[in-house]
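# Overview (structure and organization)
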Amino acid sequence: MAVVGSFMRRLGSTIRDIGWSKGLGGWHSPRMAAAERAILERVPMVDLLVEVRDARIPLASAFEPVRHLFHYDKHVIVLNKVDLADSSLTEEHHICLAVNSHNHNSIKQLLNVVKKKAKDLKVGKINDTATILLVGIPNVGKSAIANSLHLLGRIDALEKGKLKHATVSPVPGETTDIRGYKIASHPNIYVFDTPGVLPAEIADEESGSKLALTGAINDSLIGEYNLARLLLAVLSSSNVYKCWEKFSTDDRMPSNLRRRRQFSSDHTQDFIVWDVRQTLLKIISSFQLHSEKEEEMEGLIECEFNALCEAFRISILSEDRYNVVASKLLNLYRTGRLGRYTLDPIPEILVFHSHQEHEDG
Ligand SMILES: Nc1nc2c(ncn2[C@@H]2O[C@H](COP(=O)(O)OP(=O)(O)O)[C@@H](O)[C@H]2O)c(=O)[nH]1
Ligand SMILES: [Mg+2]
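Residues numbered from 1 in each chain as written. Chains lettered and ligands numbered in written order. Predicted model: local features only at pLDDT ≥ 70, side-chain atom pairs only at ≥ 80, totals over all residues.

Per an unreviewed UniProt entry, the protein chain goes by G domain-containing protein and derives from Vanilla planifolia.

## Overview of the confidence of the model for the protein chain
Stated formally: pLDDT expresses how confident the predictor is about each individual residue, on a scale running from 0 to 100. Whether two residues are in contact is decided by their C-beta atoms, placed from the backbone, lying within 7 Å.
Averaged over every residue, the pLDDT of the protein chain is 85; the share at 70 or more is 84%. Confidence over residues 351-361 falls short of pLDDT 50; this stretch has 24 contacts with residues more than four positions distant or in other chains.

## Thoughts on the sheet that holds strand β5 (residues 189-193)
The following threshold applies: For two strands to count as paired, DSSP must find a minimum of two bridges between them. A run of H or I in DSSP counts as a helix once it spans at least four residues, and a run of E counts as a strand once it spans at least two, with each numbered from the N terminus. Here, axes are lines fitted to C-alpha atoms. For helices the fit covers the stretch in contact, and angles between N-to-C directions go from 0 to 180 degrees.
If you walk across this open sheet you meet the five strands as β2-β1-β3-β5-β4, and the pairing is mixed. Bordering the open sheet on either side are β2 (75-80) and β4 (179-184), each of which pairs with just one other strand. Adjacent strand axes in the sheet meet at a mean angle of 25° when their direction is disregarded. Bridging between strand β1 (residues 48-54) and strand β3 (residues 130-135) involves four bridges; their strand directions are parallel. Bridging from a neighbouring strand, L48 pairs with I132 of β3. Across the sheet, helix α5 (residues 142-156) touches β1, β2, β3, β4 and β5, and the angle it forms with β4 is around 40°.

## Focus: the packing of helix α1 (residues 2-20) against helix α8 (residues 224-237)
The description of two helices packed together rests on the angle between their axes and the distance between the axes. Note the following rule: Our angle categories are set so that under 35 degrees counts as roughly parallel, over 145 as roughly antiparallel, 65 to 115 as roughly perpendicular, and the remainder as oblique. Take the far helix as the reference: if the near one is turned anticlockwise from it by less than a right angle, the crossing is left-handed, and if turned clockwise, right-handed.
It is at 9 Å that the axes of α1 and α8 come closest, and there the two elements cross at 165°. The orientation of α1 relative to α8 falls into the category roughly antiparallel. Every pair of crossing elements has a handedness; the one defined by α1 and α8 is left-handed. Along its contact with α1, which presents V3, V4, F7, M8 and L11, the element α8 presents N226, L230, A233, V234 and S237.

## What about the environment of A228?
Counted only if it meets this: Exposure is read from a count of other C-beta atoms within 10 Å of each residue's own; the residue is exposed at 12 or fewer, buried at 20 or more and partly exposed in between. C-beta atoms are placed from the backbone.
Mapped onto the secondary structure, A228 falls in helix α8. A residue is classified by how many C-beta atoms lie within 10 Å of it, and A228, with 25 of them, is buried. In sequence terms A228 and S327 are 99 residues apart; their C-alpha atoms lie 7.6 Å from each other. With residues up to four places along the chain from it excluded, the contact list for A228 reads V325, A326, L329 and L330.

## Focus: helix α10 (residues 294-311)
In plain terms, the rule: Given a helix with a known number of residues, its expected span is that number minus one, times 1.5 Å. Taken from the helix axis, the directions to the C-beta atoms give the arc we talk about.
A rise of 1.5 Å per residue sets the reference length of α10, with its 18 residues, at 26 Å; its end C-alpha atoms lie 25 Å apart and thus fit the reference within 8%. Of all the residues in α10, the buried ones are M297, L300, I301, E304, L308 and A311. All buried residues of α10 project into a common sector of 100° when viewed along the axis, lining one side. Following α10 by one or two positions, R313 adopts a phi angle in the positive range, close to 60°.

## Quick notes on the site of ligand 1
Basically, it comes down to this: Should the C-beta atom of a residue, placed from the backbone, lie within 6 Å of a molecule or strand, that residue is near it. Note on residue classes: Ala, Val, Leu, Ile, Met, Phe, Trp, Tyr, Cys and Pro are nonpolar, Asp, Glu, Lys and Arg are charged, and everything else, Gly too, is polar.
What surrounds ligand 1 is a group of 25 residues, the closest being S101, G141, K142, S143 and A144. For the shell around ligand 1, the leading source of residues is α5, giving three residues. Taken together, the residues of the shell around ligand 1 break down into eight nonpolar, 13 polar and four charged.

## So, helix α11 (residues 321-334)
Look at α11: 20 Å from first C-alpha to last across 14 residues, which is about the 20 Å you get at 1.5 Å a residue. The complete set of buried residues in α11 reads V325, A326, K328, L329, L330, Y333 and R334. Residues of α11 that are buried sit in contact with α8 and α10. Taken from the residues just after α11, G336 is the one with a positive phi, measuring 80°.

## Regarding the environment of S106
Following the sequence through the fold, S106 ends up in helix α4 (residues 104-122). What makes S106 partly exposed here is the crowd of 19 C-beta atoms within 10 Å. Setting aside residues no more than four positions away along its own chain, S106 makes contact with V99 and N100.

## Structural notes on the nonpolar core
We count it as follows: Working definition: the nonpolar core is a set of buried Ala, Val, Leu, Ile, Met, Phe, Trp, Tyr and Cys residues, joined through C-beta atoms within 7 Å.
Ranked by internal contacts, the top residues of the largest apolar core, which has 88 residues, are V50, I132, L134 and L231. For L231, the residues in contact, after removing those within four places along its chain, are L213, L329, L330 and Y333.

## As for unusual backbone geometry
A negative phi angle is the norm for most residues apart from glycine, just as the trans form is the norm for most peptide bonds. Backbone torsion omega between H186 and P187 reads 0°, so that peptide bond is classified as cis. Mapped onto the fold, P187 is located in the loop between β4 and β5. Phi is positive for H186, close to 50°, though the residue is something other than glycine. As for its placement among the helices and strands, H186 is situated in the loop between β4 and β5. Looking at H186, the number of C-beta atoms within 10 Å reads 7, which means it is exposed. A positive phi angle, close to 60°, is found at R313, a residue other than glycine.

In structure tokens, the structure reads:
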């Protein structure tokens, strides 16, 4: 829907201004610039570059500093958080090495691919230790991948001893230095986790909004309320809410919607998620957006915010109610509890070169 594009461009231009404003520190901080230099110094020294992107935004989450270094053999692109992206789009376009860092089989596949790649690249070389640099923008799951590969690699090699832990956090910018984790023995393979880096200038306004919505830019710079408004425009224009309809014939939550907590940041109770979904379903269906008018979408979002106060059990009298709704709603979206969304259009050229190895793996 074109109206989502205009919401994205509007917020995107605010984000671009924030990037330029030195007073606020922007999103390309001096620390990020230093990290970028440190990463680029490492690139020629490692055997393999694994660029992690967010499967929801495979284009907007490209890691700019290595774009010009693209080297067919040494560069693998991994789309992480595939559990949050529209699976039909991911599969339809044969985007491969799509992973979920919290899923054992997915990480096993990735480990096999990087092991094979590292082995091929080391054939005939004297030093049999291979090194892999994990790079990407903030919050795409580099540290989560490093931890999972490290854990799995140690188990595979039957190695005992202390495991190292990279800090994993829903807040971007938690990784501040480059640190190595052993992921295989005979030959030894080390993966280096790095701090996330955003470009000093984001390519276009829509990309800025997508990066913010998926959590690459700190929410506090943009404001959770602004982000949640964009999120509601995305949700209200997609078809995902329609699949909540089949559960809504009576007002009780079906038992199969109860699920195990997957992430530490996923703390909303099932019955609240159920209420949120039903609230959105009812409002969006009754509103019936016909036109591409921004005012119409603004009106719908206003209604959604008010109704969501009740669904989240927030007092309508609370002055801070919209901010609380915004924060809770973003959390549900980012933990996948409001469905799967791919925000980038995916062209055919995204049939990544690693496809073949993935199938062989
Ligand atoms: N749903 C989902 N969340 C993930 C996945 N990988 C990482 N995350 C979450 O994304 C957030 C950022 O992860 P982190 O590893 O710190 O990202 P980094 O900044 O790239 O190192 C954390 O809240 C993770 O739990 C994934 O495959 N799926
Ligand atoms: Mg990290």
